[in-house]
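Spelled out, the chains give:
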Amino acid sequence: MSNPKYKWIGTRPDRPDGADKVTGRARFGADFNLPGQLIGKVLRSPHAHAVIRSIDTSKAEALPGVKAVVTAKDFPEQANLIVPTGEMQVNLKDITRNIMAREKALYEGHPVAAVAAISEAVAKQALALIKVDYKVLPHVIDVADAMKPGAPILHEGMMTEGANPPATKPSNIAKRIEFKKGDAAAGFAQAEIVIERDYSTQAVHQGYIEPHATLASAAEDGQVQLWSTTQGHFQVRGFCSKLLNIDTSQIRVTPTEIGGGFGGKTVVYLEPLAIRLSQKSGKPVKMTMTREEVFRASGPAPGGDVKVRIGATKDGRIVAAECIVKMQAGAFPGSPVGPACMCSFACYDIDNVYIEGFDVVSNRPKVAAYRAPGAPISAWAVESTIDMLAQRLNMDPIDLRLKNAARQGTKTAYGVTFNRIGMVETLEAAKNSPHYKTPVKPGYARGVAAGFWFNVGADSSAAAHVGEDGSVTVISGNPDIGGSRASLALMAAEELGVDYEKVRPVIADTASIGFNFVTGGSRVTFATGLAVVNSVRDMIRELKVRAAKIWNVDPDGVIWENGMAKPAGSNVGEFEPLTLAQLAAQAGKTGGPINGHAQLNVTGAGPGFGVHICDVKVDGDTGVVTVGRYTAAQDVGTAIHPSYVEGQLQGGAVQGIGWALNEEYIYNKHGRLDNPGFLDYRMPVASDLPMIETVLVEVPNPTHPYGVRGVGEVPIIPPVAAVGNAVARATGLRLVDLPLSPPKISEALDSAAPRMAAE
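Residues numbered from 1 in each chain as written. Predicted model: local features only at pLDDT ≥ 70, side-chain atom pairs only at ≥ 80, totals over all residues. Heavy atoms only, no water.

**Student:** Sorry, what's going on with the overall build of the protein here?
**Tutor:** Across its full length, the protein carries 21 helices and 28 strands. Relative to the globule expectation of 27 Å for 759 residues, the C-alpha radius of gyration of the protein, 27 Å, shows essentially globular dimensions. When burial is assessed residue by residue, the protein has 62% of its 759 residues classed as buried. Across the protein, the fraction of contacts at a sequence separation of at least 24, relative to all contacts at a separation of at least 6, is 79%. Of the accessible surface of the protein, which amounts to about 28,200 Å², a share of 51% is contributed by carbon and sulfur atoms. With 76 positive and 77 negative side-chain charges, the protein shows a separation of 3 Å between the mean positions of the two kinds. (Helix = DSSP H or I, 4+ residues; strand = E, 2+ residues; numbered from the N terminus. Rg over C-alpha atoms; globule rule 2.2 N^0.38 Å. Buried < 20%, exposed > 50% of the residue type's maximum accessible area, 1.4 Å probe, protein only. Contact = heavy atoms within 4.5 Å. Areas by Shrake-Rupley, 256 points an atom, 1.4 Å probe, with all protein chains shown as cover. Lys, Arg positive; Asp, Glu negative; His and termini not counted. Charge placed at Lys NZ, Arg CZ, Asp CG, Glu CD.)

**Student:** What is the right way to read the packing of helix α12 (residues 397-404) against helix α13 (residues 423-431) from this model?
**Tutor:** Contact geometry for α12 and α13: axes closest at 10 Å, N-to-C directions at 165°. By the angle between their axes, α12 is roughly antiparallel relative to α13. Here α12 and α13 pass one another in a crossing that is left-handed. Judged by residue contacts, I398, D399, R401 and L402 of α12 engage V424, L427, E428, A430 and K431 from α13. Classifying every residue of the contact of α12 with α13 by side-chain character gives five nonpolar, no polar and four charged. (Axes fitted to C-alpha atoms, helices over the stretch in contact; angles between N-to-C directions. Parallel < 35°, antiparallel > 145°, perpendicular 65-115°, else oblique. Left-handed = near helix turned anticlockwise from the far one by under 90°. Nonpolar A, V, L, I, M, F, W, Y, C, P; charged D, E, K, R; others polar.)

**Student:** Before we go on, may I ask you to explain the sheet that holds strand β27 (residues 625-635) in this structure?
**Tutor:** Ordered by their spatial adjacency, four strands build an open sheet running β18-β26-β27-β28, and the pairing between neighbours is mixed. Each edge of the open sheet is held by one strand with a lone partner, namely β18 (445-453) and β28 (692-697). Geometrically, the sheet is characterised by an average inter-axis angle of 15° between neighbouring strands, direction not taken into account. Taken together, the nine bridges between β18 and strand β26 (residues 608-618) define a ladder with antiparallel strand orientation. (Pairing = 2+ DSSP bridges.)

**Student:** Is there a simple way to explain helix α19 (residues 642-661) in this structure?
**Tutor:** An α-helical turn contains 3.6 residues, so any two residues separated by three or four positions project in the same direction. Taking 1.5 Å per residue as the helical rise, α19 with its 20 residues ought to reach 28 Å, and the 29 Å between its terminal C-alpha atoms agrees with that figure. Among the 20 residues that make up α19, 14 are buried, leaving the element largely enclosed by the rest of the structure. (Expected span 1.5 Å × (residues − 1).)

**Student:** Got a minute to help me understand the sheet that holds strand β12 (residues 224-228) in this structure?
**Tutor:** By way of backbone hydrogen bonds, the strands of a sheet pair with one another, either parallel or antiparallel. Reading across the sheet, the seven strands line up as β3-β7-β1-β14-β11-β12-β13 and stay open at both edges, with mixed pairing between neighbours. Strands at the two margins of the open sheet, each flanked by one partner only, are β3 (66-70) and β13 (251-255). Neighbour to neighbour, the strand axes of the sheet diverge by 20° on average, direction disregarded. Relative to strand β7 (residues 111-117), β3 runs antiparallel, the two sharing four bridges. Residue pairing across strands places V70 opposite A114, the latter belonging to β7. Of the strands in this sheet, β12 and β13 touch helix α7 (residues 233-244), which is tilted by about 145° from β13.

**Student:** Just checking my understanding: could you explain the nonpolar core for this structure?
**Tutor:** Ranked by internal contacts, the top residues of the largest apolar core, which has 101 residues, are F345, L389, F452, Y630 and W659. Residue contributions to this core peak at eleven residues, all from helix α11 (residues 375-393). Setting aside anything within four residues of it in sequence, one finds L389 in contact with I193, I195, I310, A312, I318 and L400. Within the second largest apolar cluster, 47 residues are counted, among which are M491, V536, A565 and I594. (Core = buried A, V, L, I, M, F, W, Y, C linked by side-chain atoms within 4.5 Å.)

**Student:** I keep staring at the pairing of strand β16 (residues 318-330) and nothing clicks. Help me out?
**Tutor:** Successive residues of a regular strand alternate their side chains across the two faces of the sheet. Of all 13 residues that make up β16, twelve are buried, and the element is covered over most of its length. Strand direction decides the pairing type here: strand β15 (residues 304-312) and β16, joined by nine bridges, are antiparallel. Each residue of the ladder has a partner; that of G311, found in β16, is A320. With antiparallel pairing between neighbouring strands as the criterion, β15 and β16 make up a hairpin whose turn holds five residues, including G316 at a positive phi of roughly 100°. In this structure, β16 lies alongside strand β17 (residues 353-361), joined through nine bridges in parallel fashion. Its bridge partner lying in β17, Q328 is registered against V360.

**Student:** Could you clarify how one ought to interpret the environment of R504 in this entry?
**Tutor:** Inspection of the secondary structure puts R504 in strand β21 (residues 503-507). Assessed through its relative accessible area of 47%, R504 is described here as partly exposed. Separated by 264 residues in the primary sequence, R504 and C240 have C-alpha atoms spaced 31 Å apart. Apart from residues no more than four positions distant in its own chain, R504 is found in contact with P16, V472, T473 and V474.

**Student:** So what exactly am I meant to see when it comes to the side chain of D509 here?
**Tutor:** Within the secondary structure layout, D509 lies in the loop between β21 and α16 (524-551). When near neighbours in sequence (up to four residues on either side) are disregarded, D509 contacts H233, F234, R252, V253, T254 and P255.

**Student:** Help me out: how do you make sense of the packing of aromatic side chains in this one?
**Tutor:** How two aromatic rings sit relative to each other is given by the distance of their centres and the angle of their planes. Counted according to the given criterion, the structure contains 16 aromatic pairs. For the ring pair Y370 and W659, a centre distance of 5.5 Å and an interplane angle of 5° mean the geometry is stacked. Residue Y370 is located in the loop between β17 and α11, and its partner W659 is located in helix α19; the two are separated by 289 residues in the primary sequence. Exposure class is identical for Y370 and W659. Each is buried. A centroid spacing of 5.6 Å and a plane angle of 55° characterise the contact between F418 and F452, whose relative ring orientation is tilted. (Phe/Tyr/Trp six-rings, centres within 6.5 Å; stacked < 30°, edge-to-face > 60°.)

The following block contains the structure:
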């Protein structure tokens, strides 16, 4: 149902890129080719931790058909400089070592060399001829082991930033952070009930269907063209510029269609290698990861250990809360431990809070963002503990959350005071949903959990152009992952007062539009949408000037309404309105092409809140969990295109269900990944799930002209705990280690059976 306030916003038209995608015309990363191109392949370390004594590439270089070979010496050393990548931070010095190992290989799959050859077969043959002399070192995989005294040290010069007291010797703890509000110790002294638990999660992959792929063409004059499947082609340009010491003006990056990213395509892996191979060979170079390479060598979401303690009074008021997060960063610092800490208690108005986080390196691939990076991990622990509190109090789990819900004016532990938010409205919507009002089916149990994400804005540019026929082109610079072309076109149509079909959204390359930050952090419809609205408003100002020239009146005597310039004030009735097509037809006589532009650093991203309800059945013999019904309620601000908003909620819920029940990286004693493929890495498929029901709560964001809040991150935060809480209520056992896989549940049930029988 459309939004009654608007003509186009809230409607559900077909997406502009839909026909190409369902007919196969859309071109994804591996679909791009150039005449004479070479195929690039990467040699990767078989060891989790090893000194690289030497690399001999001479036999590979001599192989007929091999045109270029690169190793770490082909990439300049980088400064110790922290730069943003989506919602996360990375160090340039680390990035250059992640794309190509230098002193040490730090995880199985770490690149040590790359070749470009006339065919994939020749390239693979060349890789086999490269001789690497390794000195294998002891490795460490898990957080707890990496933090122990005497653990193998990955980076000999790394001292813990923020340590208290200050660090005096190297360790695998890269950083310590803390947030405080009130006095947690005093709060716990007031508490009548205190619940404390330790939880753990495993690394999980984003599971995008399209592997990383790129095509690079370096010309003799130094110009580089790059096609890449990425969530941020301006970021790809920036990283490649720094890693290869090339001016950004020399690099033109065109984003391909993207077959999923979820945060995992906000970094670079192949792109710098392809450019350098193209420079050395003088030919275009195409590189595509295999699925195994995606798992072994691209960034998953981290696992971690979380301790939560919550204190409350007997009436259900939470008076104190503590959360300690120890998070895997992978081989290089930069886990999303900060967002995990920020989001941990942000759903609630609690006077006394203490939060501490540790960023810990280990011999795994460097982690990357995955939808609300870090937040599902802390929410798993916090929301499970709150469910335990509800059980202890014999209180409805939504009522307990309503009693403690964050509201406008609530100050978070990380320092932000909320403006207009929809946590209460979302809880009430969940409680009043058909799902929650329906009694739980026999054999099933119900779980509830909430989640928060702060959302971001950042740099965006947009342009709007009137065509000769009166149609409109809207140009932005963010790859479209979840339907943002349609959302941007809907806002442009609404602003202009023209039909949606008259607006053509285009995603431009880095040379054709101003800088745009990545598609991530739930920022595009909000931030780039605001840039589009402002570019259209700029164009409308120009359209009014053109109409004023035609009528020979002052521009103040013209208004824009329903897609037309109309006379205003004393001019009313003097002239007939002018349509876009009529103004475009006379553009040459009134000043030339009619365009609008906008560029801004957007602030005021409205935070989002979600509440999920999950009914499950647990097979007592096998431990298999069946999800029978699932509902996701969320404050979405204003649903610009409700179908794509619903899709975001459904997709996040599915990913969270997989995270809860099956997904995990499994390493053997040699530090090698045992399940690098979709056969053994178990993601949910359609037959595993019911239809995900959605409840869209619209509490408009006051900082956006159309009330937009980002929606893409929140939906993955509550599911892990919602499923876990349902499993706990179904089995009577509180499992604290993810995933809640059949063997784990079956073992727990078997272990508990004698005790339960005795009781």
